[in-house]
Amino acid sequence: MNAPLTVIASERQLEDLRSSSGASWISDAQFISLQPDEPIPGNTLDATGVVLFEVDPASPASMDRIRNIRRMHPEMPQIVAMRDVDMRLVRTLIREGVADVVELPFNAEEILQTVIAVLETHAGSVGKDVSLAPLIAVTKPIGGAGATTIASHLAAELASEPGEPTVCLFDLDIQAGRICDVFGVSPRRTLTDLLEAGARLDASMLDTVAERHECGVDLIAAPNEIIPIEALKSEDLARVLDLARAEYDYVVVDMPSGLTNWGLAILAKADSILMLVEQSLPSLRQARRRLDLFKNLGLDHRLVSVVVNRVEKKLFKSIGIDDVEEALGRPVTAKLARDTQTLEAAQDRGVLAGHIRRKSPFVADVAALADAITARMAGGEQ
């Protein structure tokens, strides 16, 4: 009989797992005692669904386990267990095809939840060759930077590109989500319905939750009730976003200003990250810190675009665009004009800025940003 899970670790780790609380499920698993740097015989995994194995990042022989298993069992989901989990290394492992990472010493309940999530995700992808749509993350170093307004108008501009691509916009600013206010809609269902769907999560469920706006954008609203920002789980969000990326041409996410584990996991998978800043010292200071963090986590700097919002055409601006580039150590990708009067009128009426003023400089700048994103995606540039 096939084992749903094979656990490969040192005998001490296995003993700790067997004796831990919440480990009643282990009777269905296969256990193999090997030191972290010992090779894993390929035939030991012929009758398993998921493999969870110990890795020592300091040992090349131990890290070779990942590549060897992928070579012998390319379709088998791998979960890596290691001490002192480092986000930069985790991101590298995910890019190499590892399904998830757990920390040593083993926690039986964590392993069970991780395996269930991996199996559900894998089951939805078996037999499919699905090309995932670009994931565009809009993030800001401080609140009040206008990220929600920009994410909303950017999604609408993407939906109006030639061919009318399908666009899904997620409001992941779960404590202060305002995207529905920008579009003037009141969805009956929200992100919560997708996160709680479990095995019922599929394209039909996504279609039921998405609120279609007349501009062509499908909206996934933030939860109706304020919840702790760390209450969301990375694996649940990953399943939802991967489903949306399989169903749409573009997926845009409006991120919270606060940094979270699930937020960093999303940024690690994003094809384009728009970092919104303003011409102010607090904004630039926090943006620089965030860019340094991204670098330390191994995020590809080529995916991060600096976008300056609320730019005014003044001859004597205390902080100019050149100052922004010098402070952040990187070029500015786009400048979005300040158009307070139009945006405030649009907000009061619950419509997009283009409905108030067709030739709004802000709308024109967002359209140019959308064109630049689509051109880069089409050309495969980084």
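This structure is a prediction, so every number in the text was calculated from the model and none was measured. (Residues numbered from 1 in each chain as written. Predicted model: local features only at pLDDT ≥ 70, side-chain atom pairs only at ≥ 80, totals over all residues. Heavy atoms only, no water.)

## What about the overall build of the protein chain?
Looking only at helices and strands, one finds 15 helices and 13 strands in the protein chain. Its C-alpha atoms give the protein chain a radius of gyration of 23 Å, near enough to 21 Å, the size a compact globule of 382 residues would have. Along the longest, intermediate and shortest principal axes, the C-alpha atoms of the protein chain span 70 × 45 × 40 Å. By residue count, 49% of the 382 residues in the protein chain fall in the buried class. Expressed as a percentage of contacts within the protein chain between residues at least 6 apart in sequence, the contacts between residues at least 24 apart total 75%. Counting 39 positive and 56 negative side-chain charges, the protein chain places the averaged centre of each group 6 Å from the other. (Helix = DSSP H or I, 4+ residues; strand = E, 2+ residues; numbered from the N terminus. Rg over C-alpha atoms; globule rule 2.2 N^0.38 Å. Buried < 20%, exposed > 50% of the residue type's maximum accessible area, 1.4 Å probe, protein only. Contact = heavy atoms within 4.5 Å. Lys, Arg positive; Asp, Glu negative; His and termini not counted. Charge placed at Lys NZ, Arg CZ, Asp CG, Glu CD.)

## Examining the packing of helix H11 (residues 281-296) against helix H12 (residues 321-328)
Where H11 contacts H12, the two axes come as close as 9 Å, and the packing angle between them is 35°. Crossing handedness for the pair H11 and H12: right-handed. Taking contact as the criterion, the partners of Leu 284, Ala 287, Arg 288 and Leu 291 in H11 are, on H12, Val 324, Ala 327 and Leu 328. Of the residues contributing to the contact of H11 with H12, the split by class is six nonpolar, no polar and one charged. (Axes fitted to C-alpha atoms, helices over the stretch in contact; angles between N-to-C directions. Left-handed = near helix turned anticlockwise from the far one by under 90°. Nonpolar A, V, L, I, M, F, W, Y, C, P; charged D, E, K, R; others polar.)

## Some details on the side chain of Asp 254
Following the sequence through the fold, Asp 254 ends up in strand S10 (residues 250-254). Accessibility expressed as a relative area gives 0% for Asp 254, which makes it buried. Filtering out sequence-adjacent residues up to four positions away, Asp 254 remains in contact with Val 138, Lys 140, Ala 147, Thr 148, Ala 151, Phe 170, Asp 171, Leu 172, Asp 173 and Ile 179.

## Overview of the pairing of strand S9 (residues 217-220)
Of the two faces of S9, both are covered, the one formed by Val 217 and Leu 219 as well as the one formed by Asp 218 and Ile 220. Where strand S7 (residues 167-171) lies against S9, four bridges are found, and the strand directions are parallel. Counterpart to Val 167 in the pairing with S9 is Val 217. For strand S8 (residues 211-212) and S9, the ladder comprises two bridges, and the chain directions are antiparallel. Note on S9: the bridge partner recorded for Glu 211 is Leu 219. A loop of four residues connects S8 with S9, the two strands running antiparallel in sequence, and Gly 216 in this loop sits at a positive phi of about 100°. (Pairing = 2+ DSSP bridges.)

## Some words on the packing of helix H9 (residues 234-247) against helix H10 (residues 261-269)
Direction vectors running N to C along H9 and H10 enclose 35°, while the axes themselves pass 9 Å from each other. In the packing of H9 onto H10, the handedness of the crossing is right-handed. Facing Ser 234, Leu 237, Ala 238, Leu 241, Asp 242 and Arg 245 of H9, the residues of H10 in contact are Asn 261, Trp 262, Ala 265, Ile 266 and Lys 269.

## Thoughts on the packing of aromatic side chains
The full count for this structure, using the stated rule, is zero aromatic pairs. Sitting over the ring of Phe 31, Arg 18 keeps its end group 5.0 Å from the ring centre. (Phe/Tyr/Trp six-rings, centres within 6.5 Å; stacked < 30°, edge-to-face > 60°. Lys NZ or Arg CZ within 6 Å of the ring centre and 35° of its normal.)

## Things to note about the nonpolar core
Core analysis: the biggest nonpolar cluster contains 50 residues, and Phe 170 and Val 253 have the highest contact counts within it. Ignoring anything within four residues of it in the chain, the contact list for Val 253 reads Leu 135, Ile 136, Ala 137, Val 138, Phe 170, Leu 172, Leu 241 and Ile 266. Within the second largest apolar cluster, 35 residues are counted, among which are Ala 151, Leu 158, Ala 334 and Val 366. (Core = buried A, V, L, I, M, F, W, Y, C linked by side-chain atoms within 4.5 Å.)

## Quick word on unusual backbone geometry
Omega for the peptide link from Leu 104 to Pro 105 comes to 0°, which places this bond in the cis form. Within the secondary structure, Pro 105 sits in the loop between strand S5 (100-103) and helix H4 (108-125). Look at Arg 310: it is not a glycine, yet its phi comes out positive at around 60°. With respect to the helices and strands, Arg 310 occurs in strand S12 (residues 304-311).

## What to know about the pattern of salt bridges
All chains considered together, the criterion is met by 13 salt bridges. The salt bridge partner of Asp 173 is Lys 140, with a shortest N-O separation of 3.6 Å. In this pair, Asp 173 is assigned in the loop between S7 and helix H6 (179-183) and Lys 140 in the loop between strand S6 (135-139) and helix H5 (147-159), connecting sequence segments 33 residues apart. Taken as a pair, Asp 173 and Lys 140 share a single burial class, namely buried. Put simply, Glu 11, Glu 15 and Arg 18 are held in one network by salt bridges that share partners. (Salt bridge = Lys/Arg side-chain N within 4 Å of Asp/Glu carboxyl O.)

## Regarding the sheet that holds S9
Taken together, eight strands build an open sheet; the order of strands is S8-S9-S7-S10-S6-S11-S12-S13 and the sheet is mixed. Each edge of the open sheet carries a strand with a single partner, namely S8 and strand S13 (332-337). Judged from the four bridges that link them, S12 and S13 form a sheet pairing that is parallel. Following the sheet pairing, Val 311 is matched in S13 by Ala 337. Sheet strands touched by H9: S6, S7 and S10. Its angle to S10, the strand with the most contacts, is close to 145°. Set on the sheet, H11 makes contact with S6, strand S11 (272-277) and S12; between it and S11 the angle comes to about 155°.

## Quick notes on the side chain of His 213
Turning to its location among the elements, His 213 is positioned in the loop between S8 and S9. Residues within four places of His 213 in sequence aside, it is in contact with Phe 183 and Val 185.

## Observations concerning helix H1 (residues 11-19)
Residues Gln 13, Leu 14 and Leu 17 constitute the buried set of H1. In a view along the axis of H1, the buried residues occupy a sector of 100°, so they form one face of it. Exposed side chains of H1 directed beyond 90 degrees from the buried face belong to Arg 12 and Ser 19. (Arc of directions from axis to C-beta.)

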